[in-house]
Amino acid sequence: RGRGGRQPDQVMRSYTITPLRTEAPVWAEVPTLQADNILWLPDVGVRMVQQMCYDAQHLYVRQQAWEQNIRAEHSGYLQQVCEDSCMEFFFRPTERPDYFNVEMNPNKAIWLGVGPCIQELIRLQVPRVHTMLDTQVEFTDTGWVLKYQIPFAFIRRFFPDFEAKEGGKIYGNAYKCGDETVKTHYLAWSPIGCKEPMFHCPEYFGCLIFGTY
């Protein structure tokens, strides 16, 4: 799998993370980012959006996929969930090069890691990870929805200087894939310039801005 660098004329995409003004997210009021870059293979009709909001303690994430023939074979921890119908969120919380990758299939099988690149990524085994993330999956007539929350306290275990402050920035990308689905596909929010499938490309992350209350 190849890597490349962002071209000088490429504009970094940006998305504003909505500040939470209610006890729980009202997703109908939260803007979406579109994973509308169809990469490496022809368009097979799969679509994905992601939404994010935050409060003093958590980053809330909602991902929705429109796809037929959902594949959900993996159920164990740290399995290759990218082979299944999979939605992913990679984000770099600070100016350090290290980033988290969160990958899940409809069984809530999760691949969670942290590091500066795929060659140096540390795979994380977190006890009761879905309790911590409050992971929720639901199926729709047209696909499936994944929701979870990332505690800022968990982020600060690895990035002690991280702050979720109004106007602050982190960097990341949202992905949809399915290596062994009936119709293999690769989608991303922020475009990737690699010639071969590779999501571990922090040089192509977009900008995620904590909105103002």
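Further up the page is the structure itself.
Residues numbered from 1 in each chain as written. Predicted model: local features only at pLDDT ≥ 70, side-chain atom pairs only at ≥ 80, totals over all residues. Heavy atoms only, no water.

## Comments concerning the state of the cysteines
Two cysteines form a disulfide when their sulfur atoms are joined by a covalent bond. All told, the structure shown has 0 disulfides when counted by the stated rule. Cysteine 177 forms no disulfide, and the closest cysteine sulfur to it belongs to cysteine 86, at a distance of 4.3 Å. (Disulfide = S-S within 2.5 Å.)

## Here we look at the pattern of salt bridges
Under the criterion given, the structure shown has 7 salt bridges. Notably, a salt bridge pairs arginine 13 with aspartate 36, separated by 2.7 Å at the nearest N-O pair. Of this pair, arginine 13 sits in the segment before strand E1 (14-19) while aspartate 36 sits in the loop between strand E2 (33-34) and strand E3 (37-38), placing them 23 residues apart in sequence. The exposure class of aspartate 36 is partly exposed, given its relative accessible area of 42%. A salt bridge links aspartate 43 to arginine 47; its shortest N-O distance comes to 2.9 Å. By relative accessible area, arginine 47 is classed as partly exposed at 36%. What emerges from the salt-bridge pattern is a single network uniting Arg71, Asp84 and Glu180. (Salt bridge = Lys/Arg side-chain N within 4 Å of Asp/Glu carboxyl O. Helix = DSSP H or I, 4+ residues; strand = E, 2+ residues; numbered from the N terminus. Buried < 20%, exposed > 50% of the residue type's maximum accessible area, 1.4 Å probe, protein only.)

## With respect to the side chain of aspartate 55
Here aspartate 55 is to be found in the loop between strand E4 (47-54) and strand E5 (58-66). Look at aspartate 55: it is buried, it has no salt bridge, and the nearest opposite charge is arginine 156 at 9.4 Å. Only 2.9 Å separates the side chain of aspartate 55 from the backbone nitrogen of glutamine 57, close enough to count as a polar contact. A distance of 2.7 Å separates polar atoms of two side chains, one belonging to aspartate 55 and the other to tyrosine 60. With sequence-adjacent residues up to four places away left out, aspartate 55 is seen in contact with Leu20, Tyr60, Phe152 and Tyr213. (Lys, Arg positive; Asp, Glu negative; His and termini not counted. Polar contact = N/O pair within 3.5 Å; in protein donor to acceptor, adjacent residues only side chain to side chain. Contact = heavy atoms within 4.5 Å.)

## Side note on the nonpolar core
One finds Ile17, Met52, Leu59, Phe89, Tyr148, Ile150 and Leu208 to be the most contacted residues of the largest nonpolar core, which totals 44 residues. Setting aside residues no more than four positions away along its own chain, tyrosine 148 makes contact with Leu59, Tyr60, Val61, Gln63, Phe89, Val102, Met104, Leu133, Asp134 and Thr135. (Core = buried A, V, L, I, M, F, W, Y, C linked by side-chain atoms within 4.5 Å.)

## Overview of the environment of aspartate 98
Relative to the helices and strands, aspartate 98 resides in the loop between strand E6 (86-92) and strand E7 (99-104). On the basis of relative accessibility, which here comes to 18%, the residue aspartate 98 falls in the buried class. With 18 residues separating them along the chain, aspartate 98 and proline 116 place their C-alpha atoms 4.0 Å apart. Aside from chain neighbours lying at most four places away, what touches aspartate 98 is Arg92, Pro93, Gly115, Pro116 and Phe159.

Remember, this is a structural readout, not a statement about activity or role.
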